[in-house]
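# Structure at a glance
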Amino acid sequence: MLPTFTLRYVRLPAHFYERFVPVPVASPQLVAFNRPLAEELGFDLDAYDAALATQVFSGNRVPDGAEPLAMAYAGHQFGNFVPRLGDGRAVLLGEVTDRQGRLRDIQLKGGGRTPFSRGGDGRAPLGPVLREYLVSEAMHAMAIPTTRALAAVTTGERVVRRIPEPGAVLTRVAASHIRVGTFQYFAGRGDIDGLRALADHVIERHYPQLQPELADTEHLNRPEGERYLALLEAVQARQAALIARWMGVGFIHGVMNTDNMSVSGETLDFGPCAFMEAYDPRTVFSSIDEGGRYAYGNQPGIGQWNLARLAETLLPLIDADQEQAIARATQVIETYPGRFEAEKLAVMRAKLGLRSAAEQPFGKLGFAASFTKADGVTPLSPWHDLPLLPEGKSSLSGGVVNFMCEIPRGATAKLEVQKGIAHNPIMQDTKKGKLRYYTYGASFFNYGMLPQTWEDPAKKGYNGTSGDNDPLDVMEIGSRPFKMGEMRAVKVLGDLELIDQGELDHKIIEATES
């Protein structure tokens, strides 16, 4: 009944994973089986045995030829780096070659407490299992790259989250379960050999056109570092296309941590995900995302942030000279906004039935603003409302950027023009000897009744290397009290200039209320 396993990941070095046999469950019952997907994977459905399927998909029986394991990885969770995460409750049975010749992972989610469980019980409640089953298959039906659901099994056991719930196991199918966080796991340990082995495996599996033996004549003899730079470009292209498709259907992933970003370009890990019913770029569905980091409108920018984290891991493979590696990787990351906008335009054009793209007056360069809620201040301008620069123009002089916020009566808004460069490049903090990721943004905060004056950042100790979000200039706005529910636009006039890495030339020359 089952297809033959074609094992690949288990053949990588032993420190890539921990071998782990799924923990049996008490009384498994098969509640969903995806027959079309099973057919696609090469199952012999004429010999289908429901009892055997239940045992395999619950983890009670390891199929012949499988060598189950839990994968090691790290990741940034809500911006904080965790050096060791790994599959805490997922067990990779192995890979199969489907009827189209593609290698596909088969994984049990909820298969028991692994060496990476970090105190968890290794199990999954039925509700989230069914949600992932339904949402992942809906995404597939909408032609959005995604992991798939092969089966759902109840365990006959209870799992306790906030309340006791029925336990379940999801059988998930993916092009692979290799994440940005997988690369971070080896980079964080300084394991260059591990990084190279992982990158070569990803190229062979997902981007075979980058292999020397399959490269075209132009790229046949290119240096090794070029291949890993091309890998970064290829992953970036798929991520831009994927997130554009999310945006086109109002999908909110919910937890876009680097350990939830697949390098294959598939939607991975359906946790607190949802589809937005009414357009609001601030929409968040994760109860733990109190700051709105992963809100709908932030997803494109977070995609770029995650890709910069991937770029950092590849630096030693791209060039032995770190400065050269940073410069080359930054050039790739800077192309993301234009690539994403092109993908989003294609998605929206298709939704409207437009056959061809109209001539676009704007090029690939743009600025993004991030807004943070504080003390009842409600930001109203999404990041993508900021203007793009015309093609070939390196600065926007005297341009007007409108920011709008709603502030309670008696409050005052404070606009911080944060240090950084457009397109979120990778930069090196020479003072601390660490790679940092700087963002250009603007945030409204409620600081109470403060005078309308400029403040010298140097007086506050901002020296250009003291943190990721040091304000360059600070302007207090709105010394008169706001009326209840009043909305006031703030126009910021000045130079926003694209500059070389390591330099800084942002100046806000005027700010007025209107």
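All of the points below concern the structure found in this document.

Calculation rules
- Residues numbered from 1 in each chain as written.
- Predicted model: local features only at pLDDT ≥ 70, side-chain atom pairs only at ≥ 80, totals over all residues.
- Heavy atoms only, no water.
- Buried < 20%, exposed > 50% of the residue type's maximum accessible area, 1.4 Å probe, protein only.
- Helix = DSSP H or I, 4+ residues; strand = E, 2+ residues; numbered from the N terminus.
- Contact = heavy atoms within 4.5 Å.
- Polar contact = N/O pair within 3.5 Å; in protein donor to acceptor, adjacent residues only side chain to side chain.
- 1 Å grid on protein atoms, 1.4 Å probe; cavity = no way out; pocket = protein on both sides within 12 Å on 5 of 7 lines; lining within 4 Å.
- Points joined across faces, edges and corners; volume = space filled by probe spheres on them.
- Nonpolar A, V, L, I, M, F, W, Y, C, P; charged D, E, K, R; others polar.
- Phe/Tyr/Trp six-rings, centres within 6.5 Å; stacked < 30°, edge-to-face > 60°.
- Lys NZ or Arg CZ within 6 Å of the ring centre and 35° of its normal.
- Axes fitted to C-alpha atoms, helices over the stretch in contact; angles between N-to-C directions.
- Parallel < 35°, antiparallel > 145°, perpendicular 65-115°, else oblique.

The next thing to look at is helix α2 (residues 50-58). Among the residues making up α2, those that are buried are Ala53, Thr54, Val56, Phe57 and Ser58. The elements touched by buried residues of α2 are β2 (29-33), β7 (103-109), β9 (148-160) and β10 (164-174). Of the residues that open α2, the one with a side-chain oxygen 3.0 Å from the backbone nitrogen of alanine 51 is aspartate 49. With its phi angle positive at about 90°, glycine 59 sits one or two positions after the end of α2.

Okay, the layout of surface pockets next. Here the second largest pocket is characterised by a volume of approximately 1200 Å³. Forming the boundary of the second largest pocket are 41 residues, of which Arg89, Lys109, Asn260, Gly271 and Pro272 lie nearest the centre. Those elements giving two or more residues to the lining of the second largest pocket turn out to be β8 (124-125), α3 (126-141) and β10. Broken down by element, the residue count for the lining of the second largest pocket peaks at four residues, all from α3. The residue inventory of the lining of the second largest pocket, partitioned by class, reads 15 nonpolar, 12 polar and 14 charged.

To continue, consider the packing of aromatic side chains. Under the counting rule described, the total for this entry stands at 14 aromatic pairs. For the ring pair phenylalanine 33 and phenylalanine 43, a centre distance of 6.5 Å and an interplane angle of 65° mean the geometry is edge-to-face. Here phenylalanine 33 is found in strand β2, whereas its partner phenylalanine 43 is found in the loop between α1 (35-41) and α2, with 10 residues between them in sequence. Across the pair, exposure class does not vary: phenylalanine 33 and phenylalanine 43 are buried alike. Measuring from centroid to centroid gives 6.2 Å for phenylalanine 251 and phenylalanine 270, while their planes differ by 65°, and the two rings are edge-to-face. Placement of the pair is phenylalanine 251 in strand β11 (residues 251-252) and phenylalanine 270 in the loop between β11 and β12 (274-275), with a sequence separation of 19 residues. Both residues of the pair, phenylalanine 251 and phenylalanine 270, count as buried. Its guanidinium or amino end placed over the ring of tyrosine 185, arginine 189 lies 3.7 Å from that ring's centre, counting from NZ or CZ. A cation over a ring is seen here: arginine 227 above tyrosine 228, with NZ or CZ 5.1 Å from the ring centre.

Here we take up the packing of helix α6 (residues 224-249) against helix α7 (residues 299-318). As a packed pair, α6 and α7 sit with axes 10 Å apart at the nearest point and diverge in direction by 170°. Taken together, the axis directions place α6 and α7 in an arrangement best described as roughly antiparallel. Along its contact with α6, which presents Gly225, Tyr228, Leu229, Leu232, Val235, Gln236, Gln239, Ile243, Trp246 and Met247, the element α7 presents Gln299, Pro300, Gly303, Leu307, Leu310, Ala311, Leu314, Leu317 and Ile318. Classifying every residue of the contact of α6 with α7 by side-chain character gives 14 nonpolar, five polar and no charged.

A positive phi angle is found at phenylalanine 78, which is not glycine, with a value near 50°. Within the secondary structure layout, phenylalanine 78 lies in the loop between β4 (75-77) and β5 (80-82). According to the relative accessible area criterion, phenylalanine 78 is partly exposed, its value standing at 26%.

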